[in-house]
Amino acid sequence: MAAEADKVWDVAIVGSGFAGALIAHELGKGRKNVIILEAGAGIPPNFNAYIRRFYSAAAKVPESPYTPEIFGPDGLSDPNIVNAGRPTVLSVGPKGGFGDWTDPKQAYLIQKGPRPFASTYDRIAGGTSHWLGTCLRFVPNDFKMKSQYGQFADWPIEYKDLNSWYGEAEAELGVSGDVDEQTYLGVEFSPGYKYPMRKIPNSTTDQYVDKSLNTDPLAEDETQFLGMRTPPTTIPVRGVPAARNSEPYRNRRACAGNTNCIPICPIQAKYDPTITLNDARNTGFVKFAERTVASEVVVGQNGLISEIKFIRYKTDTGQRSESGSVKARVYVIAANAIETPRLLLMSKNGGRTARGVANTSDMVGRNLMDHPYYVAWGMSPEQIYPYRGPLITSGIGDLCDGPFRRERAAFRVDIGNEGWNFVVGGDPNVTTLDFVNGLNRSGLNPRSNSPLGNEALFGKQLADRLNEKFTRQFRCGFLIEQTPDPDNRVTLADFNDGLGLPRPQISYNLSDYTRRGFITAHRMKDLLFRKMRLTEFTRIDPDDPSRFEEEIDGKPVSLNYIGAGHVMGTCRMGDDPKQSVVDKFQRSHDHKNLYLVGSSTFPTGATANPTLTIAALSLRTAKHILDNDFRR
Ligand SMILES: Cc1cc2nc3c(=O)[nH]c(=O)nc-3n(C[C@H](O)[C@H](O)[C@H](O)COP(=O)(O)OP(=O)(O)OC[C@H]3O[C@@H](n4cnc5c(N)ncnc54)[C@H](O)[C@@H]3O)c2cc1C
Ligand code: SF4
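Along each chain, numbering runs from 1 in the same order as the chain's sequence is written. By the order in which they are written, chains take letters starting at A while ligands take numbers starting at 1. pLDDT decides what is reported in this predicted model: residues at 70 or higher carry local features, side-chain atom pairs at 80 or more are listed and counted, and totals for whole chains, interfaces and linings draw on all residues regardless.

**Q** I'm lost on the sheet that holds strand S15 (residues 489–496) in this one. Help?
**A** The strands making up a sheet are joined through hydrogen bonds of the backbone, oriented either antiparallel or parallel. At least two DSSP bridges between two strands are required for those strands to pair. Helical segments are the DSSP runs of H or I of at least four residues, strand segments are the runs of E of at least two, and each set is numbered from the N terminus. Spatially, the three strands line up as an open sheet ordered S5-S16-S15, and their pairing is mixed. A strand with exactly one partner marks an edge of an open sheet, and here the two such strands are strand S5 (110–114) and S15. With strand direction ignored, the average angle separating the axes of adjacent strands in the sheet is 25 degrees. In this structure, S5 lies alongside strand S16 (residues 502–508), joined through four bridges in parallel fashion. Every axis in this analysis is a line fitted to C-alpha atoms, fitted for helices over the stretch in contact. Angles between the N-to-C directions lie between 0 and 180 degrees.

This is the structure we're talking about:
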């Protein structure tokens, strides 16, 4: 790199996740010389390096297969000494305990509360393999919350502006889906459009949910609470499109259906950005600089970005090895909705941009959103055979838009195919250990009246009992729309990482609007469980930091949430430079050669997982850069 210090690249990109990889590939195909600065370690030459790390990990969490190491010698790695740290789901624990969410020596994010921000992200494209692969389009009204429902803000673009870009993104990611099934709530496709692959079949669990909800019409007074235009008498269970091969696609194999998609698909049947990143490098125009952390975006005297400074390191916790900078005509920050505002806020240019770069609106870092994920689980009276297929194949999407959005947050329902795998902390292991050792961590082996207490079984009795229990486990989750709230924000902490750079500080809460969405989700859970004749086992620990209480239908109810991993909103897009950070092409209002890409630019969060929309917007921005910034 030192030899190239004076080189002026066409485009410098910070971050090699979905957004960075897709843009680099498009620009590389357009014969632009591109450099990517990536904070994380490089992609290993053999993908099995990730798999080996996952197999040997004591805790099988989304971050397990990837670097940096989650554990240090004394527990969780100390984020003060890790060079390019990241949050982990293990650091959203109760105060005073393991993974205390407020302890800067355990949690990378400095959390100011009042509630924990529970989502995580990873480093380098391979790390983004942790995703599930769900690839839903937004519904048209998701772009028009202000004009349709008087809430928050409209996007400066509409569904029709993204329709063809969604198609391009689906081709690049390799999405399996069914057009007829996805044509609902105003979602349209270009004439003759087909998903790149046929849909993955509904699981046996999906079929049971559908049968339970829709064999007999629902009574209107049962669904009145949803606040739809008319109370629905059917609630369709629809397949969920996913970047997962239902047949061989672009030299990758078809899904083998063994439910390990988060954190890693061992056979890469699920798309991850290493695929596009390798294609980008193969264009011959894209150079990749790993373990290279962008530390300051420099603004020249003409108001354009003139360079990006970086720090290079050799090992996760070792000393820095090199500092330098890259110069380019165009700069793209694709560092996700926490690290992008962090970098912009760190870039003070000796006080010339004291509020940070691209921040004359004071909107950088504000309006942080997730889809707080409310999870419930139970035992079905019939065998529904979970632990087969991808983690999720279907859901309930039809309840995510309607007049109720004037009053409360929308939600979408996921139907899990992984039994109680993550909700009890690692089934099938937890339940097996319960019945071998006479314990009851799963709740399935309660103390009987016999003096022997919990059952401890072996041989055929053990196998029969486990088969009988595992085949009836059910889990669902509600992705709740979150209010863009300026006080939910990323700022800079007084605590540094191993490179001496300030770590992200997070203020986070749930608004009344969002909490009303939780209340309706809880009622929907009751309806679903009643129709499915489930025995509920949902448990919320008393010291769970995300726990909160509501009175629902005259009864006190405890609710909680986990992070969906959908970090959004901190550099919002809009037409008004006073109210937004980037324009409709994700170009900074303040600096015309700077683009900020990824879900940080989402003005509102909808209920669909964000990555397909990130990908569609990234492809649109790449075209804009090629057409506008390099016009002869
Ligand atoms: C468990 C889990 C499951 C998920 N499942 C789904 C799903 O099914 N569907 C869906 O749509 N979404 C899903 N998501 C969300 C999805 O992973 C994100 O939307 C996506 O990763 C965002 O892509 P990105 O490119 O914007 O950011 P990232 O993937 O976070 O990439 C940002 C990159 O920038 C690098 N970077 C950051 N700062 C710097 C710096 N200063 N210098 C250099 N490099 C830097 C990072 O190291 C990283 O490689 C899931 C997330 C999680 C955690
Ligand atoms: S079910 Fe298995 S093969 Fe299919 S995408 Fe998930 S991890 Fe990969």
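Next comes the rest of the write-up.
**Q** Would you mind showing me how to read the site of ligand 2 here?
**A** Near residues are defined by distance alone, with the backbone-placed C-beta atom required to lie within 6 Å of the molecule or strand. Around ligand 2, a shell composed of 13 residues is seen, among which Cys255, Asn260, Cys261, Cys265 and Lys270 lie nearest. Charged residues are taken to be Asp, Glu, Lys and Arg, nonpolar residues to be Ala, Val, Leu, Ile, Met, Phe, Trp, Tyr, Cys and Pro, and polar residues to be all remaining types, Gly included. Per-class residue counts for the shell around ligand 2 are seven nonpolar, four polar and two charged.

**Q** Please clarify how the sheet that holds strand S12 (residues 392–396) should be interpreted in this entry.
**A** Judged by pairing direction, the sheet is antiparallel, and its six strands sit side by side in the order S6-S12-S13-S14-S11-S17 without closing on themselves. Looking at the sheet topology across the chains shown, the edges are occupied by strand S6 (238–239) and strand S17 (535–536). One ladder, built from two bridges, connects S6 with S12; its direction is antiparallel. By the bridge assignment for S12, glycine 239 is matched with serine 394.

**Q** Explanation requested: the nonpolar core in the structure shown.
**A** Taken as a class, soluble globular proteins show a tendency for nonpolar side chains to be buried jointly. Among the nonpolar cores identified, the biggest contains 158 residues, and Ile13, Ile23, Val332 and Phe411 are the most heavily contacted of them. Here the element with the most residues in this core is helix H14 (residues 611–629); it accounts for eight residues. No fewer than three residues from each of domain 1 (2–131 + 268–369 + 487–508 + 566–629) and domain 2 (203–236 + 373–481 + 511–559) sit in this core. Here the contact rule is simple: place C-beta atoms from the backbone, and any two residues whose C-beta atoms are within 7 Å are in contact. Other than its neighbours up to four places away in sequence, isoleucine 23 contacts Ile13, Val332, Ala334, Val597, Ser618, Thr621 and Ala622. Take the buried Ala, Val, Leu, Ile, Met, Phe, Trp, Tyr and Cys residues, join any whose C-beta atoms are within 7 Å, and the set you get is a nonpolar core. Here a residue counts as buried when 20 or more other C-beta atoms sit within 10 Å of its C-beta, as exposed when there are 12 or fewer, and as partly exposed otherwise, the C-beta atoms being derived from the backbone. Note that domain bounds follow an automatic or database assignment of domains.

**Q** Any chance you could explain the site of ligand 1 here in plain terms?
**A** Around ligand 1, the structure places 39 residues, and the nearest of them are Gly15, Gly17, Gly565, Gly598 and Thr611. Breaking the shell around ligand 1 down by element, the ones donating at least two residues are helix H1 (18–29), strand S8 (292–299), helix H10 (336–346) and H14. Residues that form the shell around ligand 1 fall into these classes: 19 nonpolar, 17 polar and three charged.

**Q** Which parts of the structure should I look at to understand the packing of H1 against helix H9 (residues 273–282)?
**A** Relative orientation and spacing of two packed helices are given, respectively, by the angle between their axes and the distance between those axes. Direction vectors running N to C along H1 and H9 enclose 25 degrees, while the axes themselves pass 8 Å from each other. When the axes of H1 and H9 are compared, the pair comes out roughly parallel. Relative to H9, the crossing made by H1 is left-handed. Contacts between H1 and H9 pair Phe18, Ala21, Leu22, Ala24, His25 and Gly28 from the former with Pro273, Thr276, Leu277, Asp279 and Ala280 from the latter. A class-by-class count of the residues in the contact of H1 with H9 yields seven nonpolar, three polar and one charged. Roughly parallel means an angle under 35 degrees; roughly antiparallel means over 145; roughly perpendicular covers 65 to 115; every other angle is labelled oblique. Left-handed is the label given to a crossing in which the near helix is rotated counterclockwise from the far helix by less than a right angle, and right-handed is the label when the rotation is clockwise.

**Q** Can you help me understand the domain arrangement of the chain in this one?
**A** Interfaces are often described in size by the accessible area the parts lose on coming together. By the assigned domains, the chain splits into domain 1 (2–131 + 268–369 + 487–508 + 566–629) and domain 2 (203–236 + 373–481 + 511–559). With eleven residues of domain 1 in contact, the opposing surface of domain 2 contributes eleven residues. Grouping the amino acids of the side of domain 1 that touches domain 2 by side-chain chemistry returns six nonpolar, two polar and three charged.

**Q** Would you mind showing me how to read the pairing of strand S10 (residues 320–333) here?
**A** Regular strands place side chains that alternate from one sheet face to the opposite one. Two strands pair when backbone bridges link them, and strand S1 (residues 8–14) and S10 are joined in this way by six bridges, in the parallel orientation. Across the sheet, the residue bridging to valine 14 is isoleucine 333, located in S10. Bridge count for strand S9 (residues 305–313) against S10 is six bridges, and the pairing is antiparallel. Bridge pairing in S10 links arginine 312 to glutamate 322. Counting the residues in the hairpin turn of S9 and S10 gives six residues. Here three bridges tie S10 to strand S20 (residues 594–596), and the two strands are oriented parallel to one another. Across the sheet, valine 332 pairs through a bridge with tyrosine 595, a residue of S20.

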